[in-house]
There are 2 protein chains.
Amino acid sequence: MKEGEPLHLKTSVTGSNGVVQALLTDLYQITMAYAYWKSEKMNDASVFDLYFRKNPFSGEFTIFAGLEECLKLMQSFHFSDSDVEYLKTAMPQTTDPAFFIYLKNISARDVTLTAVPEGEVVFPKIPLLTVSGPLAVVQLLETPLLNLVNYASLVATNAARFRIAAGPNTVLLEFGLRRAQGPDGGLSASRYCYLGGFDGTSNVLAGKMFGIPVRGTHAHAFITSFINLQDVKFRTLVSADGSREEDFVSLCLKYQQQLPSVIDFLPDQVMEGELAAFISFALAFPDGFLALIDTYDVIRSGLPNFCTVAMALNELGYQAQGIRLDSGDLSYLSKVVKGKFITMAAKFDLPWFENLTIVASNDINEDTIHSLNQQGHTINCYGIGTHLVTCQKQPALGCVFKLVEINTKARIKLSEDVEKVTIPGRKKVYRLYGADGTALVDLLQDASEPAPQVGQRVLCRHPIQESKRAYVIPAAVKSLHITWWKQGKVIEHLPTLTELRERTKKSLSTLRPDHKRALNPTPYKVSVSSDLYTYIHELWLESAPIGELS
Amino acid sequence: MKEGEPLHLKTSVTGSNGVVQALLTDLYQITMAYAYWKSEKMNDASVFDLYFRKNPFSGEFTIFAGLEECLKLMQSFHFSDSDVEYLKTAMPQTTDPAFFIYLKNISARDVTLTAVPEGEVVFPKIPLLTVSGPLAVVQLLETPLLNLVNYASLVATNAARFRIAAGPNTVLLEFGLRRAQGPDGGLSASRYCYLGGFDGTSNVLAGKMFGIPVRGTHAHAFITSFINLQDVKFRTLVSADGSREEDFVSLCLKYQQQLPSVIDFLPDQVMEGELAAFISFALAFPDGFLALIDTYDVIRSGLPNFCTVAMALNELGYQAQGIRLDSGDLSYLSKVVKGKFITMAAKFDLPWFENLTIVASNDINEDTIHSLNQQGHTINCYGIGTHLVTCQKQPALGCVFKLVEINTKARIKLSEDVEKVTIPGRKKVYRLYGADGTALVDLLQDASEPAPQVGQRVLCRHPIQESKRAYVIPAAVKSLHITWWKQGKVIEHLPTLTELRERTKKSLSTLRPDHKRALNPTPYKVSVSSDLYTYIHELWLESAPIGELS
């Protein structure tokens, strides 16, 4: 352990291949590896489950994400020479030098990883990943696997909740980069919000890396950087069909004279700098004019200026796209804006004016959207940042990684809190569906038990509470676990991000609405087979210390 | 804008030099740059302030962090050929191709960056950074600068708050990697928690990169992976002085017979697997034996097993380090543990036994520490994860980046919320101190005003509210802003992380305790000079729209 001098190494979490480094782990994984190695337990056959105990955001579902990154970690998992040199300084001097040679040769080739497919709806206690292989290696994988699954699943779930709140037809854009927890937090947010149901991002690097549609127009600074119309240096715009060329500023000023009687504003109250900024933006993006209208005063200045420029564009054959509101009473303002758009559409016989995009983007969270839905609004696009990407409502998903079997012996971790008792042994996970395609219950079984059969009665039991049990006759049964990584290779096709997004949507559609609602949702049941129930309780008894009742 | 197909590019936020890429920005920065370029405003002389409006965590102070990363961004800021190729696909087809040539040649060479030194205590409205230069370039820097300052400052502040809660002599370890918001979120957390006053981290990569002391022992899985004493394959330990070699298991079993009468436990109630795990760990780390004692039962099993192994180690000349509690009533358990340690120390005349480390690490947040302080406890080390690194109490610091001057004209951004009105123009920031070294008030002045003088009366005014003003006679005056980046170079020495940590500590020590307390802290005053006050209100009046009162 050295004092805090920077070593002038590059400050990247990823290796040259862009994948998380093996050293991004907790020191205790290394110290445990050493203790295992010292007692020749490092190759003990271990099985670990990665799961969470509680759905986030007071909800009753979670979207599983991060699997592709986990598989990339498996592929590249090794300690470089410089890692091992560093570890020699971090470990006690008494450490056997042969251990570092062992570390240098570690890889994930003898590890097997089975997991729920990425994008699937999951629930507490379900092993999202089951990782088996040499004890020391699997233990070393714990921290990076948890890191990669925890935030990915959390933010994908958050995005899915915003999607449910906003409904299927509202455009949802992720604008969170500036408030994300670090650069990579921003990049992960963009990726997994898209997976969870968003339509695009402002994050350009995410667009380049993952092919996510990127969106954005301008900020308040753009508006305030224009003082008056003299700031518009190039004023000419060629019409869409190329037939005419106009002084666009003059054209706008013409409409500024016409419009006050139509949409009721005073030309001497509009801000000239704002008009100059809108004109400049329209000259740069005649086909993509979307204006931020709340810099000064939405109703007196922003909206009239927008309509002015939109009409001038229209005269030259271009159709404006819409407006963005970034402050104020979004319900009220959106309705006022919509009203003026309807007036404009009718007065000038331009039906598209009625359907212009109204973007809202002021510190919006899931509850804001529910509240706007109740108040009424005409917003058809949300730009969502801080609350989405930092998951303000609950900024961490508490995934854990627990040993469930060692050298074919099932292990149970007891706890005074019965909800924290682990479900021992290597398991299979099934989802049972009703005749209408609705997911009824998830069922954990010991890996050796035969799969539940369609049309046959299955006893589903609560893992701990004896009285909670029910017979289910499934119309369909899906085995949730797939083996993705075996013998040093990814052995299954990895879906594209777009395919993952589709899977999320489809998987959510199999869930009953009452499990998905924001207020007091019904818990989805995760059960164990009768045999597994018995086995849990036998092991529990075995592990109980001898002595008086506690 | 393309559909969401992965492009199979490397998924790293950093370039090959490990620094954040220029493309990690919002698309609207690119669209604004194009609109500026189109109207030949791209080189307008602009000044932007980066600041926040409210201290996080219901507190009254913030630690500024992230500056070194900002300066690295300045150094490497450019768009690669592949970035520009991507941007051609993301921008409308109508975009003038000459713009992309302009983009390719962009750098931060004409940008000047002044900032508060990293690690300094800061307050709302103070410009943390002032960035001046060509409008389009400074605008492009906005998103990555905000991203780099926001989380760094937030988590450093959180760490400082934990330090204040725990007091100066408790060891604080950051254990958050697995719950952090992405891999880089974890790395940033380790770095800035150390800056904010933590003593070490579990994050090995952070240890390698930043020289932060790394700490860690073992997890519950280590304990449960041992079933009985047969699992201890190598039983021999050589004494510290090399004079004898013992069967360490037998030695432990000898003490297991001796201790029950001393610290009151039943040998048939201790878990044999746990003892096996402790013995194996002690064999691997005879000098560093710190045991997690809550896997089964702290009082009946974990603590007796620890004392057993510690005594066997002692016989061979090794001193155990202590125990970790990861569940249960930490106040009560720590006191029980301490009591037994005192008994052991007295009985065996081993004074160090009384002072063994007692680590607590179960989901601890700032309030838990305050509550433990009230209840009484004997914990002398905390391992803190989720709440620290995700900043659960408030997961985002709302830094903003506002245009305050364009072509030497001051700009003001009005808002219906007066707290959101920007302070216009290029400013200087002074901190005025009392005779005892306590910070009295921060003062913003127009850059052209002379600095306040020691021993001379200075009128400090609230920027908005006329009635709030006071005369201050400073015993010392510090100019808070330093120019770090100019003409394409970092022109000031950058402190090491250890130096930044010291600065944080020192800067916090100049702050009155009532500003730092957890409950109802007193706000620290940030004021403006009389001239700046007048100027703000003149500009405000100018920008007011003509019309009826609103």
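Residues numbered from 1 in each chain as written. Chains lettered and ligands numbered in written order. Predicted model: local features only at pLDDT ≥ 70, side-chain atom pairs only at ≥ 80, totals over all residues. Heavy atoms only, no water.

Chemist: Any details on the sheet that holds strand 15 (residues 409-410) of chain B? Residues and values, ideally.
Modeler: Residues and elements named next belong to chain B. Taken in spatial order, the seven strands line up as 15-14-1-5-3-21-22 in an open sheet, and their pairing is antiparallel. On the outer flanks of this sheet lie strand 15 and strand 22 (489-490), each paired with one strand and no other. In terms of strand pairing, strand 3 (residues 112-115) meets strand 5 (residues 129-134) through four bridges, oriented antiparallel. Counterpart to Thr 112 in the pairing with strand 5 is Ser 132. Taken strand by strand, helix 2 (residues 67-76) contacts strand 3, strand 5, strand 21 (482-486) and strand 22, and its axis lies near 25° from that of strand 21. Helix 5 (residues 135-166) contacts strand 1 (45-51), strand 5 and strand 14 (400-406) of the sheet and is inclined by roughly 155° relative to strand 5. (Pairing = 2+ DSSP bridges. Helix = DSSP H or I, 4+ residues; strand = E, 2+ residues; numbered from the N terminus. Contact = heavy atoms within 4.5 Å. Axes fitted to C-alpha atoms, helices over the stretch in contact; angles between N-to-C directions.)

Chemist: An account of the UniProt feature "domain: Nicotinate phosphoribosyltransferase C-terminal" (unreviewed entry) in chain A is requested, with residue identities and associated values reported.
Modeler: Under the present numbering, the feature "domain: Nicotinate phosphoribosyltransferase C-terminal" (unreviewed entry) in UniProt falls on residues 426-534 of chain A. Here residues 426-534 of chain A runs as 20% helix and 34% strand, with 15 Å between its end C-alpha atoms. (UniProt positions renumbered as here; feature names shortened; annotations may be inferred.)

Chemist: Explain the domain arrangement of chain A to me, and be specific about the residues and the numbers.
Modeler: You can read the domains of chain A as domain 1 (27-160 + 395-543) and domain 2 (217-379). For domain 1 of chain A and domain 2 of chain A, the distance between their C-alpha centroids amounts to 51 Å. (Domains from an automatic or database assignment.)

Chemist: So what's going on with helix 11 (residues 272-284) of chain A? Residues and values would help.
Modeler: Between the first and last C-alpha of helix 11 of chain A there are 18 Å, a value that for 13 residues agrees with the 18 Å anticipated at 1.5 Å per step. A large share of helix 11 of chain A lies buried, amounting to 12 of its 13 residues. For helix 11 of chain A, the full list of buried residues reads Gly273(A), Glu274(A), Leu275(A), Ala276(A), Ala277(A), Phe278(A), Ile279(A), Ser280(A), Phe281(A), Ala282(A), Leu283(A) and Ala284(A). Considering only its buried residues, helix 11 of chain A is in contact with helix 8 (220-224), strand 8 (236-238), helix 9 (248-258), strand 10 (290-292) and helix 12 (298-315) of chain A together with helix 1 (27-38) of chain B. (Expected span 1.5 Å × (residues − 1). Buried < 20%, exposed > 50% of the residue type's maximum accessible area, 1.4 Å probe, protein only.)

Chemist: Explain the packing of helix 1 of chain B against helix 5 of chain B to me, using residue names and the numbers behind them.
Modeler: Residue and element names in this part refer to chain B. Packing of helix 1 against helix 5 brings their axes to within 9 Å, and their N-to-C directions diverge by 175°. Classified by the angle between their axes, helix 1 and helix 5 sit roughly antiparallel to one another. On helix 5, the residues touching Tyr 28, Gln 29, Ile 30, Met 32, Ala 33 and Tyr 36 of helix 1 are Leu 135, Ala 136, Gln 139, Leu 140, Glu 142 and Thr 143. Per-class residue counts for the contact of helix 1 with helix 5 are eight nonpolar, three polar and one charged. (Parallel < 35°, antiparallel > 145°, perpendicular 65-115°, else oblique. Nonpolar A, V, L, I, M, F, W, Y, C, P; charged D, E, K, R; others polar.)

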